[in-house]
Amino acid sequence: MKQWFMKHWRFVITSLVLIVFAALMILPIYWQILISVRETDAINQVPAPWFFTEITFDHFRRVFERVRVMRYLWNTIVITGLVIITNLTFGSLAAYAFAKLRFRFRDGIFKVLLLSLMIPGVVTMLPAYLVILRFPFAGGNNLFGQGGSGFLNSYAGIILPGAITVFSVFFLRQFFKTIPDDIGEAARIDGASEFRVFASVYLPLVKPALITLTIFTFQGAWNAFLWPNIILTPGSERSPLTVALQQFVAENPVAYGPMMAISLIMSIFPFILFIIAQRYFMRSVVTTMR
Amino acid sequence: MNHQNVAKMKRPKSNKAGYIFIAPAVLFFLVFTAIPIVVAVYLSFTRYGVFDAPRWIGLRNYINIFTVDPVFLQSFRNVSVYVAIVVPSVVLISMVVAFMLNNRKDAKVFRSIYYLPALLSIIAASAVWRFMFDPTYGTLNQILRLIGMQSQNLPQWIYHPSTAMASIALMSLWMILGINIVIYSAAVRGIPKEVVEAAEIDGASSMNMFWRIIFPLLRPTTFFVMTMTIIGSFQLYDQIYALTSGGPAGSTTTPVFLIYMNAFDSFNMGYASAQSVILFIVIIVFTLLSQRLTRDDY
């Protein structure tokens, strides 16, 4: 035993450090689950027990009945789904053209797009709000954007600014670039349209990149708060879960039970996606470096 | 002439299709990025409250930001408190953990566990940490009580000016460590085996190996992580809105939170635009700096 330890002490100590660190990282999530199934009286107990005592699902029942979590969850799903679809569709179209088609001003246009990647979202936030507010013919507006409220308080207002991001185009272009040019030529000679060449020859070859971009876009849209909170009126029917949870917290600052229940419901989807597509999550992190 | 014709025959429809393919992306770029930037710069020279037309006031907003109104500069000071805590901690902890995980069979399991907090939205995480920080019922003070700290000495976390920003930093650290461990793990894997083996043959201890070999070789990654974290911290918002609303006593007011309040709470769109233009310049400086440092080093 002693001999074994002398030989492996380094491994044992690093293992211990890694396990303690893992426990610390999980601790808040453990308490999140613990509180979500604990009676309110027990939550307000000092010192609070560190283990599961009498388990109750009252908080979950309450947030489904009174906070209408299903409604907000549905909003989040719709918004996230649409943002993913538009980014993948139009992002890959543009990315393919920038990587594989030749036309005038191609590289110039791309350089301008690339420069805009350095611009932080805060700078465009205020004017983008005005664009949404003054959008012609939307929400009672006339041609000049006067008279109505544009896309304020609508799905469109939440989705449009992030519907086709430069990042998506830039990210996918890198992958299209790695595919040889002559692959498409055969199809072209057979008389396939440019769209067909794109959709049935090139697109299937960048599937891993599309999945990684889906993960990226999912995380951004699912967790978005600042923008939807600006676009929506307080208590809006179209609030995503983030906005609804924050609203609930503002109204009930110490209702920890329901708070944990909502935040758990919100986190389950990313957790499941992470389990299914872990590889792509890790890849998405590393690709941010390039 | 002849040459051009050959090229045209090879790809008859390329030209037109290209424009059609990029049209939606370029249109959205123009409407939601390019035009807004021009508008933001224009508005920064005006007084504008959404309901009336913008009125040109020249450099007045910029002058006020640096002379009359101390809050904007204060918000950068607040961010620097956050940066001073988060940046060194992120670099050191992620690097050491990545180093420890290297060549372990169970590395993947640990990395997944460390990544879990990053999956939560900041709003959900803030709800969780609102409980963690609760001075009476919260887990953090429970632990401090267990260690034997007296009730009157327990910290108030997000509810006291002296600890609020540090508390926000603690929560952010919890959320971003996993991502940075993944980044460092990839970098550590990229270190040539021969370098490490040579050092082992020369009898270098783990400590020596870490400080003399791993740490210097990971410098480009460290620069990347540092500048990314700093740039992110300038844009700190969600957790501020959710946990402290910039308080107590303005101790957690960040530039973006201030811009949001000016624009959408008091409807000083012009003033808020000027602040966002300044923030933009600060962030661009850091971005260019990071590109310089990361590229030149290797």
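Everything numeric in this text was worked out from a predicted model, so none of it was measured. (Residues numbered from 1 in each chain as written. Chains lettered and ligands numbered in written order. Predicted model: local features only at pLDDT ≥ 70, side-chain atom pairs only at ≥ 80, totals over all residues. Heavy atoms only, no water.)

Focus: the overall build of chain A
Each helix and strand counted, chain A has 15 helices and zero strands in total. Against the compact-globule benchmark of 19 Å for 290 residues, chain A has a radius of gyration of 25 Å, which places it well outside the compact range. A principal-axis box enclosing the C-alpha atoms of chain A has dimensions of 70 × 70 × 35 Å. Looking at chain A residue by residue over its 290 residues, the buried ones come to 52%. Looking at chain A alone, contacts between residues at least 24 apart form 61% of all its contacts between residues at least 6 apart. Summed over its atoms, the accessible surface of chain A is roughly 14000 Å², and 67% of this surface lies on carbon and sulfur atoms. (Helix = DSSP H or I, 4+ residues; strand = E, 2+ residues; numbered from the N terminus. Rg over C-alpha atoms; globule rule 2.2 N^0.38 Å. Buried < 20%, exposed > 50% of the residue type's maximum accessible area, 1.4 Å probe, protein only. Contact = heavy atoms within 4.5 Å. Areas by Shrake-Rupley, 256 points an atom, 1.4 Å probe, with all protein chains shown as cover.)

Some points on the domain arrangement of chain A
All names here are of chain A. Taken domain by domain, chain A consists of domain 1 (1–56) and domain 2 (61–287). Facing six residues of domain 1, the contacting portion of domain 2 comprises eight residues. The largest per-residue losses of area from domain 1 upon contact with domain 2 belong to Q32, I35 and S36, which jointly make up 68% of the total buried on that side. The interface formed by domain 1 and domain 2 contains zero salt bridges. Sorting elements by how many residues they give to the side of domain 1 that touches domain 2 places helix 1 (residues 2–36) first, with five residues. Tallied by class, the residues present in the side of domain 1 that touches domain 2 amount to four nonpolar, two polar and no charged. (Domains from an automatic or database assignment. Buried area = accessible area lost by both parts, 1.4 Å probe. Salt bridge = Lys/Arg side-chain N within 4 Å of Asp/Glu carboxyl O. Nonpolar A, V, L, I, M, F, W, Y, C, P; charged D, E, K, R; others polar.)

Digging into helix 9 (residues 182–189) of chain A
Of all the positions in helix 9 of chain A, only G184(A), E185(A), A187(A) and R188(A) are classed as buried. Positive backbone phi, approximately 90°, marks G191(A), located one or two places after helix 9 of chain A.

Describing the confidence of the model for chain B
Residues and elements named next belong to chain B. Here chain B shows a mean pLDDT of 89. Residues at 70 or above account for 93%. Per-element mean pLDDT across chain B ranges from 47 in helix 1 (residues 2–10) up to 96 in helix 6 (residues 122–133). Below a pLDDT of 50 lies the segment residues 4–9, which in the model reaches zero contacts outside its immediate sequence neighbourhood of four places, other chains included. (pLDDT = per-residue confidence, 0-100.)

Focus: the packing of aromatic side chains
For any two aromatic rings, the description comes down to two numbers: the centre-to-centre distance and the angle of the planes. Throughout the structure, instances matching the rule amount to 48 aromatic pairs over all chains. Geometrically, the ring pair formed by Y96(A) and F21(B) is tilted, given 6.0 Å between the ring centres and 45° between the ring planes. Of the two residues, Y96(A) sits in helix 4 (residues 69–100) while F21(B) sits in helix 2 (residues 14–43), which places them in two different chains. For the pair formed by Y96(A) and F21(B), the shared burial category is buried. A ring pair is formed by F167(A) and F216(A), whose centres lie 5.1 Å apart and whose planes are at 75°; its orientation type is edge-to-face. Taken as a pair, F167(A) in helix 8 (residues 166–177) and F216(A) in helix 11 (residues 207–223) lie far apart in primary sequence, 49 residues in all. For F216(A), a relative accessible area of 21% puts it in the partly exposed group. (Phe/Tyr/Trp six-rings, centres within 6.5 Å; stacked < 30°, edge-to-face > 60°.)

Focus: the interface of chain A and chain B
With 100 residues of chain A at the interface, the matching set in chain B holds 91 residues. Interface of chain A and chain B: buried area, both sides summed, is about 8300 Å²; carbon and sulfur atoms make up 77% of it. Among the residues of chain A in contact with chain B, L18(A), M25(A) and L126(A) are the three that bury the most area, contributing 8% of the side total. Counting across the interface, chain A meets chain B through zero salt bridges. The tally of links from chain A across to chain B stands at eight residue pairs in polar contact (both at pLDDT 80 or more). (Polar contact = N/O pair within 3.5 Å; in protein donor to acceptor, adjacent residues only side chain to side chain.)

Concerning the pattern of salt bridges
For the structure shown, the criterion picks out nine salt bridges over all chains. When the shortest N-O distance is used, the salt bridge between D181(A) and R102(A) registers 3.9 Å. In this pair, D181(A) is assigned in the loop between helix 8 and helix 9 and R102(A) in the loop between helix 4 and helix 5 (106–116), connecting sequence segments 79 residues apart. The partner of R104(B) in a salt bridge is D106(B), with the nearest N and O atoms 2.8 Å apart.

Quick word on a nonpolar patch on the surface
Residues M1(A), W4(A), F5(A), M6(A), W9(A), I13(A) and V17(A) make up a contiguous nonpolar surface patch of roughly 790 Å² in combined accessible area. Relative to the elements of secondary structure, I13(A) occurs in helix 1. (Patch = residues over 30% accessible without salt bridge, like charges linked within 9 Å, V, L, I, M, F, W, Y side chains within 5 Å.)

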